[in-house]
Amino acid sequence: MALMITDECINCDVCEPECPNGAIYQGEEIYEIDPNKCTECVGHFDEPQCQQVCPVDCIPLDPAREETKDQLMAKFLKLTGKA
């Protein structure tokens, strides 16, 4: 699954620089995650880095974007040009 940022986001800006895929960006009101770029850090790290640094724990899995680890790895390979 891709991750999402909920409206509990406090716009602290710690998640954006942690994303190795550049999936996190400043939205109109809060930070948002581009689900087409989010691999939950598969291929880069063992755990999603944005979740690790978020001080308010507002980055859950997006239930509308279910993906297996294999699908996330395929997305990683495509994004990095290794596919």
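This structure is a prediction, so every number in the text was calculated from the model and none was measured. (Residues numbered from 1 in each chain as written. Predicted model: local features only at pLDDT ≥ 70, side-chain atom pairs only at ≥ 80, totals over all residues. Heavy atoms only, no water.)

K.L.:
Talk me through unusual backbone geometry; I want residue IDs and the actual numbers.
P.N.:
The phi dihedral of asparagine 11 falls on the positive side, at around 55°, and the residue is not glycine. Residue placement: asparagine 11 occurs in the segment before strand E1 (24-26). A positive phi angle, close to 70°, is found at cysteine 41, a residue other than glycine. Tracing the chain through its elements places cysteine 41 in the loop between strand E2 (31-33) and helix H1 (49-53). (Helix = DSSP H or I, 4+ residues; strand = E, 2+ residues; numbered from the N terminus.)

K.L.:
Requested: an account of the nonpolar core, with residues and values cited.
P.N.:
Across soluble globular proteins, you tend to see nonpolar side chains buried next to one another. Residues Ile5, Cys15, Ile24, Ile33 and Ile59 are the most contacted members of the largest nonpolar core, which totals 16 residues. What cysteine 15 contacts, discounting residues up to four positions off in sequence, is Ile5, Ile24, Tyr31, Cys50, Val53 and Ile59. (Core = buried A, V, L, I, M, F, W, Y, C linked by side-chain atoms within 4.5 Å. Buried < 20%, exposed > 50% of the residue type's maximum accessible area, 1.4 Å probe, protein only. Contact = heavy atoms within 4.5 Å.)

Remember that the coordinates give geometry; whether it matters functionally is a separate question.
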